[in-house]
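# A closer look at the structure
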Amino acid sequence: MKVGIIGCAGRMGRSNLAAVLDAPGLVLAGGVERPDHPALGQDLGLLAGRDAVGQPASADLAALVAAADVLIEFSSPEATLTHLQVVAGTGKAQVVGTTGFSQAQFAELARLAGTCPVLWAANMSLGVNLLLGLVERVAATLGDDWDIEILEMHHRSKVDAPSGTALALGRAAAAGREVQLDEVAVRSRDGITGARQPGTIGFATLRGGDVVGEHVVLFTGDAERIELGHRATDRRIFAHGAVRAARWLAGRPPGLYGMRDVLGL
């Protein structure tokens, strides 16, 4: 199976390159970056921290789509939607780990998934996807007299907040309570905010250093607290999840899929 990497010189792009090069049975179809990126022309193997493979980073997305069976992309919402328009209708598949979509942008992602198989996940790791299920179950079990707060921390360069994973955890908690997250989320607090409203789901965001990703969901009742969390220490876990997703997605009919489909959860 031939896999192409979109955004091949970014943090996750390099990890994805390495994961594909190391995976048995996969062939690297190529990697692309934006036309003004300084990494253009550099060997993809060297970008991945591996031996040279004789394939340079390119800006020709159409050629990569033609050469690949499935594409993997972690970038920005705007770029992802632009790239998906090239993939749509070609019969090729795309794994998307991009976060930060607005409601309108995600609706467009879902529309494009009607023309090609797309797998989107806020987080590709096995541990986080198991955590999502646990959070939903605990939220369904505990009543509204238990407060739910979600704390996340990432590296200083992350541009969206709260993280896509934090929002996914919030949606899981809201699903457990059979409510819509947008109706109960409190995404910031500053100044005299008043007492906490029952049934709300709060978010707190930290940024600093080179933290790959940490998430904690706190269920706080009177005189007791439950904490469910996940700590990522190497972004290779996300790349390995993306490769697993790519193996599963290739050849599927058009539609929008998730990691729960891949893992059979």
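Placed above this text is the structure.
Before going into details, it helps to say that this report is about the structure given with it.

Right, let's get into the pairing of strand β2 (residues 27-32). With 5 of its 6 residues buried, β2 lies for the most part within the structure. Pairing of strand β1 (residues 2-6) with β2 involves 5 bridges; the strand directions are parallel. In the strand pairing of β2, I6 is matched with V32. Between the parallel elements β1 and β2, the chain passes through helix α1 (residues 11-22) in a crossover that is right-handed.

Read across the open sheet, the 5 strands follow the order β7-β8-β6-β9-β10; overall the sheet is mixed. Of all the strands in the sheet, just β7 (185-186) and β10 (224-232) have a single pairing partner and so form its edges. Alignment of strand β6 (residues 147-154) against strand β9 (residues 213-221), held across 7 bridges, turns out to be antiparallel. When the bridges of β9 are listed, I150 appears paired with V217.

Here V65 lies in helix α3 (residues 61-67). Take V65: its relative accessible area is 4%, and that puts it in the buried class. The spatial distance from the C-alpha of V65 to the C-alpha of S75 is 17 Å, given a sequence separation of 10 residues. In this structure V65 touches L71, V86, V87, T90 and K92, once residues within four positions along its chain are discounted.

Following A161, the chain continues into P162 via a peptide bond in cis, with omega recorded as -10°. Along the chain, the position of P162 falls in the loop between β6 and α7 (164-177). The phi angle at E178 is positive, at roughly 60°, despite the residue not being glycine. On the secondary structure map, E178 appears in the loop between α7 and α8 (181-184).

This part is about the sheet that holds strand β5 (residues 117-120). Each strand in a sheet pairs with another by means of backbone hydrogen bonds, the pair being arranged parallel or else antiparallel. The sheet built from 6 strands is open, its strands ordered β2-β1-β3-β4-β5-β11 with parallel pairing. What marks the edges here is a single partner per strand, and that holds for β2 and β11 (255-257). Going across the sheet, the axis of each strand differs from the next one's by a mean of 20°, ignoring polarity. Contacting β1, β2 and β3 (70-73), α1 runs over the sheet at an angle of about 170° to β1.

Rules behind the numbers
- Residues numbered from 1 in each chain as written.
- Predicted model: local features only at pLDDT ≥ 70, side-chain atom pairs only at ≥ 80, totals over all residues.
- Heavy atoms only, no water.
- Buried < 20%, exposed > 50% of the residue type's maximum accessible area, 1.4 Å probe, protein only.
- Helix = DSSP H or I, 4+ residues; strand = E, 2+ residues; numbered from the N terminus.
- Pairing = 2+ DSSP bridges.
- Right-handed = clockwise from strand over helix to strand, strands pointing away.
- Contact = heavy atoms within 4.5 Å.
- Axes fitted to C-alpha atoms, helices over the stretch in contact; angles between N-to-C directions.

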